[in-house]
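Residue strings, one per chain:
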Amino acid sequence: INYIAAKPTDSLKAGFDFTYGRFGQADAEGFISSPLNDTLSVRLAVRSENRQEWQKGYTNGDRLGSTRFLNGRLSLKWEPSDSISLLLTANAWRDRSDVQQPQLIQYTPLLTGAAARPLPFPIESFPTAPRTPRAAAWDPDRNYRRDDWLYQFSGDLEADLTDSVHLALLTSYARFNQSVPIDADATIYPSFTTEGQGRIESFSQEIRFNGEIGDKLKWMVGGNYKRD
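Residues numbered from 1 in each chain as written. Predicted model: local features only at pLDDT ≥ 70, side-chain atom pairs only at ≥ 80, totals over all residues. Heavy atoms only, no water.

### Brief notes about the packing of aromatic side chains
Part 1: In the structure shown here, the tally under the stated rule is eight aromatic pairs.
Part 2: Relative to Tyr189, the ring of Phe121 has its centre 5.9 Å away and its plane inclined at 5°; by these criteria the two rings are stacked. Of this pair, Phe121 sits in the loop between strand 7 (84-95) and strand 8 (135-136) while Tyr189 sits in the loop between strand 10 (165-183) and strand 11 (193-213), and the two are 68 residues apart along the sequence.
Part 3: When its relative accessible area of 23% is taken as the criterion, Phe121 is described as partly exposed. (Phe/Tyr/Trp six-rings, centres within 6.5 Å; stacked < 30°, edge-to-face > 60°. Helix = DSSP H or I, 4+ residues; strand = E, 2+ residues; numbered from the N terminus. Buried < 20%, exposed > 50% of the residue type's maximum accessible area, 1.4 Å probe, protein only.)

Here it is, written out as structure tokens:
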């Protein structure tokens with residue numbers, strides 16, 4: 001799947017969408033694109049997603065599942081001549097939504113009889129979840145909000161060096177971070193919790209030369225470098 005973001009336009013354009021739904025869902029997105037002068041144009045797009053809690057604690061009435069997501073993109077396009085084009089893009093998003101918690105369907109001990117060890121919490125007698133998608137159980141007084149974010153900068157330089165030789169130079173840098181808390185035992189007891197931590201940093205550089213020799217021969221030479 002190849003997502004191609006809309007580019008800055010040579011005339012003023014703008015748009016806005018709003019969605020409202022169950023659990024207080026309120027999603028809004030908009031963009032504006034306009035030339036700044038004869039050679040430079042800009043486009044700004046923003047999206048926000050918000051929703052109230054939808055999961056229910058079936059033993060204590062707690063609520064969980066809110067959504068707080070913000071996404072934005074800023075693009076600048078510079079075309080000083082018909083043979084040179086430079087596109088600079090900055091992307092960023094942050095997700096501070098609650099992490100969906102699992103349901104307790106059945107308790108099955110791995111060891112029984114003399115080999116079994118006493119549990120510090122009465123998990124074996126904890127009631128299983130009702131057969132409804134909204135029912136769950138989790139440790140009270142714990143923050144289950146994720147902290148995921150990403151930002152990226154990219155540049156795309158296209159230039160006709162001669163009538164038959166074209167240069168493409170692509171550069172990208174991105175950083176990603178995630179923090180995902182999950183109550184893995186699906187009860188109100190602090191028996192088994194996890195914190196999914198992750199960080200990614202990525203840099204890539206690509207350069208290509210391509211052209212034509214006569215009417216029947218086309219050529220291309222290039223290279224790329226990437227570090228993650």
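### Here's the deal with the sheet that holds strand 5 (residues 63-64)
Part 1: Ordered in space as 5-4-8, the three strands form an open sheet in which the pairing is mixed. Each end of this open sheet is capped by a strand with a single partner; those strands are strand 5 and strand 8. (Pairing = 2+ DSSP bridges.)

### A short note on the pairing of strand 12 (residues 217-227)
Part 1: Of all eleven residues in strand 12, zero are buried, a share of ten percent or less.
Part 2: Relative to strand 12, strand 11 runs antiparallel, the two being bridged by eleven bridges. By the bridge assignment, Glu206 is partnered in strand 12 with Asn224.
Part 3: Linking strand 11 back to strand 12 in an antiparallel pair, the connection comprises three residues, with Gly214 at a positive phi of about 75°.

### Brief notes about the environment of Glu53
Part 1: With respect to the element layout, Glu53 can be found in the loop between strand 3 (40-51) and strand 4 (55-57).
Part 2: Along the primary structure Glu53 and Thr67 are separated by 14 residues, whereas in three dimensions their C-alpha atoms are 7.8 Å apart.
Part 3: Not counting the four nearest positions on each side in its chain, Glu53 is found in contact with Phe23, Arg63, Leu64, Gly65, Ser66 and Asp98. (Contact = heavy atoms within 4.5 Å.)

### Things to note about the environment of Ile207
Part 1: Relative to the assigned elements, Ile207 resides in strand 11.
Part 2: Take Ile207: its relative accessible area is 34%, and that puts it in the partly exposed class.
Part 3: Placed 143 residues apart in sequence, Ile207 and Leu64 show a C-alpha to C-alpha distance of 48 Å.

### Focus on the pattern of salt bridges
Part 1: On inspection of all chains with the given rule, the structure shows ten salt bridges.
Part 2: A salt bridge links Glu79 to Lys77; the shortest N-O distance between them is 3.7 Å.
Part 3: Classification of Lys77 as partly exposed rests on a relative accessible area of 22%.
Part 4: Measuring nitrogen to oxygen at the nearest pair gives 2.9 Å for the salt bridge that ties Arg208 to Glu206.
Part 5: Given a relative accessible area of 24%, Arg208 falls into the partly exposed group.
Part 6: Connected via shared salt-bridge partners are Asp27, Glu29, Arg47 and Glu49. (Salt bridge = Lys/Arg side-chain N within 4 Å of Asp/Glu carboxyl O.)

The values are spatial; any link to function lies outside them.
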